[in-house]
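These are the residues of each chain, in order.
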Amino acid sequence: MATISVRDEATELLQGLLRANTVNPPGNETIAAELLRAYLEGAGVQCELYARVPERANVVARLPGRGGPSLALISHTDTVRADAEEWTLDPWSGELRDGEIWGRGALDMKSHVAAAAVAVATLAREGFVPAGDVIFVASADEEVGEDYGLSWLCANHPDAIRADYCVNEGGGDRLVIRGRPAYLCGTAEKMSSPFLLRVHGRSGHASMPGIADNALVRAARLIERLADYTPTPRILPEAEAFLRLVGTSDPADLDAPLRAVVEPMLSHSISPTIIEASKQRNVIPALCDLVCDCRLLPGETQEEAEAEIRAVLGEDDYDFIWLEGVGGTASPLDTPLWHAIESFVAALEPGAALAPFVNAGFTDSHFMRTAFGTVCYGFFPMRAMDSEVAAALIHSADERIPVDDLELGTRFLMHVARTLGE
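This report concerns the structure included in the present document. What you see is a predicted model, and the numbers here were worked out from it, not measured in a lab.

Turning next to the pattern of salt bridges. In total, this model carries 24 salt bridges according to the counting rule given. A salt bridge links Arg-97 to Glu-95, with the nearest nitrogen and oxygen atoms 3.2 Å apart. Take Arg-97: its relative accessible area is 34%, and that puts it in the partly exposed class. Owing to a relative accessible area of 29%, Glu-95 belongs among the partly exposed residues under this scheme. As a salt-bridge pair, Glu-240 and Arg-244 come within 4.0 Å of each other at their nearest N and O atoms. Highlighted residues: Glu-240 and Arg-244, both in helix 7 (residues 237-246), separated by four residues, approximately one helical turn. For Arg-244, a relative accessible area of 57% gives the class exposed. One salt-bridge network, in which partners are shared between bridges, spans Arg-7, Asp-404, Glu-407 and Arg-411.

Spelled out as structure tokens, the structure:
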């Protein structure tokens, strides 16, 4: 009987996942969940679907171990939207062209879903028994986060997904640092902490600006102060290790790819993104709402950040309102999972470094860390596609992944499952 290679198997499964339109909203992740269940059960892996509503299922499968440390391979099956008119190919074609697989979610993150599923299925067919349970989790609703996915699983089915260690998205990029190749490993992430500035003024007729106090103009002055603001740096363990690797403490000394990694690790960030004032052209607004995206470092509190931001804004008539505070968690660096990833990198490219970094965005690792104290890292190695190219394609048109990188990611996940706890 002919056997299919890991490379071809992962390619075929990813193509099927890309053809399943799981744009969130509305999600409809159950179509991907059913595809994964059929595939995994075909390899003898027992699966369960857990769903808050029928059309938004999460997949959980388990490869039983020998009682050692458990490992969760987590991913999500939903994607952001895609405008077909902007694409060279149909975003849901899953087409293989010139060694690359095209489609919405090819990088974020159905490739990781397919790789993890194929890794678990391959190990099961080989009869491999890991040191501890290996748990496959393909969740819904990561892109929007309305509690249909991993957060819901942690609260409602904790025993199904509880793990000592976890591999997720949020790392694996290859950079060259001072002539030495390095692969980024996401060991922490910033807190999503947007805030609202409600700026007060006095309304009036727009034809007579001198009789009013324009809240929009007041807001403009505050925006300029935020634009000129350089937050106080904090050197976290991840940043300290990374700065030792690059050999400088000044991001200005670095080229653009490295600077883009380092700068978010050193302080919180603020980006004004939404402004709303008068609803009528001829009415000077008495109120102006300014929403700012803000990301805080792990361990930094909203109270600390607010005090610093208010000092920069100065005295003015505004209300400062935090809109949420989600994330901001970190995992230790010296762990068996770190060493397992490090050993893969050493074999892949002798002399290469594994570099910890703080992810500027949010991932589901936060929920595993918070619920179970899980050590979570973001890592999915890529060598064939340049990291700058990949970053530009995520959530953008013509998203695609080289088959070489899909195979590499699959073999990495198999390596971690085989070596953790041994």
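Next comes the rest of the account.
We now examine the side chain of Thr-363. Structurally, the position occupied by Thr-363 is in the loop between strand 18 (353-359) and helix 11 (365-372). The class for Thr-363 is buried, based on a relative accessible area of 6%. Every residue in contact with Thr-363, bar those within four places of it in the chain, is listed here: Glu-142, Asn-168, Glu-169 and Glu-189.

Across the two faces of strand 16 (residues 318-322) the burial differs, with Tyr-318, Phe-320 and Trp-322 buried and Asp-319 and Ile-321 not buried at all. Both strand 11 (residues 195-200) and strand 16 contribute to a ladder of five bridges, which runs antiparallel. Opposite Arg-198, over in strand 16, you have Asp-319 as the bridge partner.

If you trace the three strands from one edge of the open sheet to the other, you get 4-5-20, paired in antiparallel fashion. Each of the sheet's edge strands pairs with one partner strand only, and the pair in question is strand 4 (96-97) and strand 20 (400-402). Summarising the sheet, strand 5 (residues 100-102) and strand 20 pair through three bridges and their orientation is antiparallel. By the bridge assignment for strand 20, Glu-100 is matched with Pro-402. Sheet strands touched by helix 1 (residues 6-19): strand 4, strand 5 and strand 20. Its angle to strand 5, the strand with the most contacts, is close to 20°. With respect to the sheet, helix 13 (residues 403-419) is in contact with strand 4, strand 5 and strand 20, its orientation differing from that of strand 20 by roughly 75°.

Procedures and definitions
Residues numbered from 1 in each chain as written. Predicted model: local features only at pLDDT ≥ 70, side-chain atom pairs only at ≥ 80, totals over all residues. Heavy atoms only, no water. Salt bridge = Lys/Arg side-chain N within 4 Å of Asp/Glu carboxyl O. Buried < 20%, exposed > 50% of the residue type's maximum accessible area, 1.4 Å probe, protein only. Helix = DSSP H or I, 4+ residues; strand = E, 2+ residues; numbered from the N terminus. Contact = heavy atoms within 4.5 Å. Pairing = 2+ DSSP bridges. Axes fitted to C-alpha atoms, helices over the stretch in contact; angles between N-to-C directions.

Remember, this is a structural readout, not a statement about activity or role.
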